[in-house]
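# Report on the structure
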Amino acid sequence: GENVEQHPSTLSVQEGDSAVIKCTYSDSASNYFPWYKQELGKGPQLIIDIRSNVGEKKDQRIAVTLNKTAKHFSLHITETQPEDSAVYFCAAATMDTGRRALTFGSGTRLQVQP
Amino acid sequence: GAGVSQTPSNKVTEKGKYVELRCDPISGHTALYWYRQSLGQGPEFLIYFQGTGAADDSGLPNDRFFAVRPEGSVSTLKIQRTERGDSAVYLCASSLSMGNQPQHFGDGTRLSIL
């Protein structure tokens, strides 16, 4: 089955700096890669996703890049703000089949220092 | 609009008891998913419904776990003879069924087995 590894496990940045979180996946059939933000006591909130037919996607301060050959994808947050502090999860799935289970990474705790 | 609703938000019970966890998906979402999240880890897939039928139950850990969705909307996750290792946050997500649609999560039920 799919295996997703995520690094780093914790990340501390100064407000205004950029943050980068990296994930690798094992199953070359995976074609959908969402990123979720989870705050304490809440469920994961989708912040951006990318499909395997594109290499990069951007939404305001958030961008995701995908390298299918190397089987890795990354989340980039620019101009970080204290409210960006949370746990971020990457995930992978093969959405073309009847099996749509997301396989999650182990999470990155991002702390933005004011 | 209303998001995915899960009840109860917290459930404490004794080892060996039976529990039911409820999920109300986003209106119009025909796909529904259950995940389990242990402390400090990413969510792990349990089961996926397309309409009333379980399209993929490969993540259910053993036969003590069962889920139903009799009318294609609300779903109930049932756990028999609970064990302390079942303690976790149980998350429900829903999505539209066509193509690669993102999964939207509820805030989960925190289950504690004493």
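Before reading further, recall that the structure is shown in the block above.
In short, a report on the structure. (Residues numbered from 1 in each chain as written. Chains lettered and ligands numbered in written order. Predicted model: local features only at pLDDT ≥ 70, side-chain atom pairs only at ≥ 80, totals over all residues. Heavy atoms only, no water.)

A count of helical and extended segments in chain B gives 0 helices and 11 strands. Over its C-alpha atoms chain B spans a radius of gyration of 13 Å, differing by no more than 12% from the 13 Å that the globule rule assigns to 114 residues. The dimensions of chain B, computed from C-alpha atoms along their principal axes, are 40 × 25 × 25 Å. Going through the 114 residues of chain B one by one, you find that 46% of them count as buried. For chain B, the proportion of contacts with a sequence separation of at least 24, taken over those separated by at least 6, is 53%. A total of about 5,400 Å² of accessible surface is found on chain B, and carbon and sulfur atoms cover 47% of it. (Helix = DSSP H or I, 4+ residues; strand = E, 2+ residues; numbered from the N terminus. Rg over C-alpha atoms; globule rule 2.2 N^0.38 Å. Buried < 20%, exposed > 50% of the residue type's maximum accessible area, 1.4 Å probe, protein only. Contact = heavy atoms within 4.5 Å. Areas by Shrake-Rupley, 256 points an atom, 1.4 Å probe, with all protein chains shown as cover.)

Residues and elements named next belong to chain B. If you walk across this open sheet you meet the 4 strands as β1-β3-β8-β7, and the pairing is antiparallel. Only two strands of the sheet have a single neighbouring strand rather than two, namely β1 (5-7) and β7 (65-68). Shown here is a sheet whose adjacent strand axes are inclined to one another by a mean of 15°, direction ignored. Note: β7 against strand β8 (residues 75-79), 4 bridges, orientation antiparallel. Note that in β8 the partner of V68 across the bridge is T76. (Pairing = 2+ DSSP bridges. Axes fitted to C-alpha atoms, helices over the stretch in contact; angles between N-to-C directions.)

Note that S74(A) resides in strand β8 (residues 72-77). Beyond its immediate sequence surroundings of up to four residues, S74(A) is in contact with V20(A), I21(A), K22(A), W35(A), A63(A), V64(A) and T65(A).

Attention now goes to the side chain of T82(B). Residues and elements named next belong to chain B. If you trace the backbone, T82 turns up in the loop between β8 and β9 (88-95). For T82, the side chain forms a polar contact with the main-chain oxygen of E14, separated by 3.3 Å. Those residues in contact with T82, other than ones at most four positions away along the chain, are T13, E14, K15, G16, K17, V19, R64 and I113. (Polar contact = N/O pair within 3.5 Å; in protein donor to acceptor, adjacent residues only side chain to side chain.)

Our next topic: the state of the cysteines. This structure, assessed with the given rule, holds 2 disulfides over all chains. Here C23(A) engages in a disulfide with C90(A); their sulfurs sit 1.9 Å apart. For the disulfide bridge between C23(A) and C90(A), the dihedral angle about the S-S bond is near -100°, and by the sign convention the bridge is left-handed. Of this pair, C23(A) sits in strand β3 (residues 19-25) while C90(A) sits in strand β9 (residues 86-92), and the two are 67 residues apart along the sequence. Overall, C23(A) belongs to the buried group, its relative accessible area being 1%. Using a relative accessible area of 0% as the deciding quantity, one classes C90(A) as buried. The disulfide partner of C23(B) is C92(B), and the S-S distance across this bridge is 1.9 Å. (Disulfide = S-S within 2.5 Å.)

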